[in-house]
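If you want the building blocks of each chain, they are given just below.
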Amino acid sequence: MPLTRAQPAPGPEAMETVAPAVDLVLGASACCLACVFTNPLEVVKTRLQLQGELQARGTYPRHYRGFVASVVAVARADGLCGLQKGLAAGLLYQGLMNGVRFYCYSLACQAGLAQQPGGTVVAGAVAGALGAFVGSPAYLVKTQLQAQTVAAMAVGHQHPHQNVLDALGTIWRQRGLAGLWQGVGGAVPRVMVGSAAQLATFASAKAWVQEQQWLPEDSWLVALAGGMISSVAVVTVMTPFDVVSTRLYNQPVDGAGRGSGC
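The numbers attached to residues start from 1 for each chain and follow its sequence in the written order. Thresholds applied to this predicted model are a pLDDT of at least 70 for local features of residues and 80 or more for the giving and counting of side-chain atom pairs; totals over whole chains, interfaces and linings are not thresholded and use all residues. The side-chain quantities take in all heavy atoms of the structure and omit both hydrogens and water.

1. Here we look at the confidence of the model for the protein chain
- How sure the predictor is of each residue is captured by pLDDT, a score from 0 to 100. Of all residues in the protein chain, 90% attain a pLDDT of 70 or more, and the chain-wide mean is 86.
- Segments assigned H or I by DSSP are reported as helices when at least four residues long, segments assigned E as strands when at least two residues long, and all are numbered from the N terminus. Of all helices and strands in the protein chain, the one with the weakest mean pLDDT is helix H1 (residues 12–17) (44), whereas helix H3 (residues 67–78) scores best (96).
- Residue contacts are counted whenever heavy atoms from the two residues lie within 4.5 Å of one another. This stretch, residues 3–16, has a pLDDT under 50; its non-local contacts, to residues over four places away or in other chains, come to 35 contacts.

2. Looking at the nonpolar core
- Residues grouped as a nonpolar core are buried Ala, Val, Leu, Ile, Met, Phe, Trp, Tyr and Cys residues, joined through side-chain atoms within 4.5 Å. Working definition: with a 1.4 Å probe on protein chains only, accessible area under 20% of the residue-type maximum means buried, over 50% means exposed, and in between means partly exposed. Counting 19 residues, the largest nonpolar core has Tyr93, Val141, Val164, Ile171, Val188, Val191 and Tyr249 as the members making the most contacts within it.
- Considering each element in turn, this core owes the most residues, seven residues, to helix H5 (residues 119–147).
- The contacts of Val141, once residues within four sequence positions are left out, are Ala89, Val164, Ala167, Leu168 and Ile171.
- Residues Val44, Val74, Met153 and Val155 belong to the second largest nonpolar core, which totals 10 residues.

3. Quick notes on the packing of aromatic side chains
- Stacked, tilted and edge-to-face pairs are distinguished by plane angle, under 30 degrees for stacked and over 60 for edge-to-face with tilted covering the rest, among Phe, Tyr and Trp rings (Trp via its six-membered ring) whose centres lie within 6.5 Å. Tallying each qualifying case throughout the model produces four aromatic pairs.
- Ring centres of Tyr93 and Tyr139 lie 4.7 Å apart, and the angle between their planes is 65°; this geometry places the pair in the edge-to-face category. You can see Tyr93 sitting in helix H4 (residues 87–110) and its partner Tyr139 sitting in helix H5, a full 46 residues away along the chain. Across the pair, Tyr139 and Tyr93 agree in class, each one buried.
- Members of the aromatic cluster, each reached through a chain of ring pairs, are Tyr93, Tyr139 and Tyr249.
- Sitting over a ring, as applied to charges here, requires NZ of Lys or CZ of Arg to be within 6 Å of the ring centre and within 35 degrees of the ring normal. The ring of Phe102 has Arg101 sitting right over it, with the charged end atom 4.5 Å from the ring centre.
- The ring of Tyr139 is capped by Lys142, whose NZ or CZ atom sits 4.3 Å from the centre of that ring.

4. Points about the side chain of Gln182
- Looking at the element boundaries, Gln182 is found in the loop between helix H6 (164–179) and helix H7 (184–212).
- Judged by relative accessible area, Gln182 falls into the buried class, the value being 10%.
- Here a polar contact means two N or O atoms within 3.5 Å. Within protein one must be a hydrogen donor candidate and the other an acceptor candidate, and residues neighboring in sequence count only if both atoms are side-chain atoms. Among the polar contacts listed, one links the side chain of Gln182 to the backbone oxygen of Gln251, at a separation of 3.1 Å.
- Once residues lying within four places of it in the same chain are set aside, the contact partners of Gln182 are Ser136, Leu140, Gln144, Arg175, Leu248, Tyr249, Asn250, Gln251 and Val253.

5. Let's talk about a nonpolar patch on the surface
- Note on patches: the residues involved have over 30% relative accessible area and no salt bridge, like charges join within 9 Å, and the nonpolar side chains Val, Leu, Ile, Met, Phe, Trp and Tyr join within 5 Å. Here the accessible surface of atoms and residues is derived via Shrake-Rupley with a 1.4 Å probe, and residues count as covered only by protein chains that are part of the display. Salt bridges, as used here, are contacts in which a Lys or Arg side-chain nitrogen is within 4 Å of a carboxyl oxygen on Asp or Glu. The grouping of Leu24, Val25, Tyr103 and Leu107 at the surface amounts to a nonpolar patch, some 310 Å² of accessible area in total.
- At the level of elements, helix H2 (20–50) and H4 are the ones that each hand at least two residues to the nonpolar patch.
- Turning to its location among the elements, Tyr103 is positioned in helix H4.
- Using a relative accessible area of 32% as the deciding quantity, one classes Tyr103 as partly exposed.

6. A word on the environment of Met238
- Here Met238 lies in helix H8 (residues 220–250).
- On the basis of relative accessible area, Met238 is assigned to the buried category, the value being 7%.
- C-alpha separation for the pair Met238 and Val191, spaced 47 residues apart in sequence, amounts to 7.5 Å.

7. Quick word on the UniProt feature "repeat: Solcar" (unreviewed entry) in the protein chain
- UniProt positions are given in the numbering used here, feature names are shortened, and annotations may be inferred rather than shown by experiment. As recorded in UniProt, the sites labelled "repeat: Solcar" (unreviewed entry) are residues 18–111 and 115–208.
- Helix makes up 74% of residues 115–208 and strand 0%, whereas the separation of the span's terminal C-alpha atoms amounts to 20 Å.

The following block contains the structure:
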């Protein structure tokens with residue numbers, strides 16, 4: 001799930017130049033564009049996180065071993081197009097989650113919350129939680145579609161969805177509205193910590209890059225470098241939550257929403 005956007009350093013001037021509605025559109029659009037390039041990584045990540053679920057180490061076959069080998073394994077099993085499984089659901093998720101996230105964060109900044117001690121972290125966490133809740137059904141479908149593969153390479157439960165609409169319709173018919181929010185309990189803390197880490201570290205990382213004078217001060221490469229440094233913090237804090245979230249989203253459940261084993 002990309003958590004990327006060039007968030008300006010907190011300050012009255014920055015807050016006055018970007019309206020929340022513009023933040024919503026630009027944030028959602030940028031993250032959807034990034035999703036096209038990162039979705040193959042999401043497919044591989046989903047398979048790696050589901051592999052060996054609830055099984056003791058050494059008791060299950062390891063179809064996916066490391067990044068490069070896993071990319072090759074997915075391409076062989078599902079074709080090159082298989083690396084873009086769940087793309088439509090991923091785009092829907094990025095648009096919903098990041099649109100809400102950046103809109104709420106911008107509102108919090110305009111209200112002056114970011115100027116308070118720890119305000120940036122709090123605003124980022126709350127905005128991330130709201131975005132994760134709104135986008136949860138799309139992430140549920142994305143995870144289940146990305147886990148789909150041939151029986152010989154399957155990891156985790158296999159949901160027989162044909163596409164996004166079929167998945168949403170099937171879940172709705174079987175479990176109602178509540179079923180569309182399966183796994184949201186793992187998604188909210190996942191995005192909360194990731195959003196807080198990103199929004200709290202990007203400005204300082206960008207400022208540090210500028211201080212080093214490696215790149216022209218007004219170059220877009222400064223923001224890119226700051227974002228890459230910030231992403232290290234995001235991935236570090238998000239990964240444990242990400243594993244839990246993926247497994248909650250993909251697990252089979254009964255009519256009452258209880259996990260029925262894998």
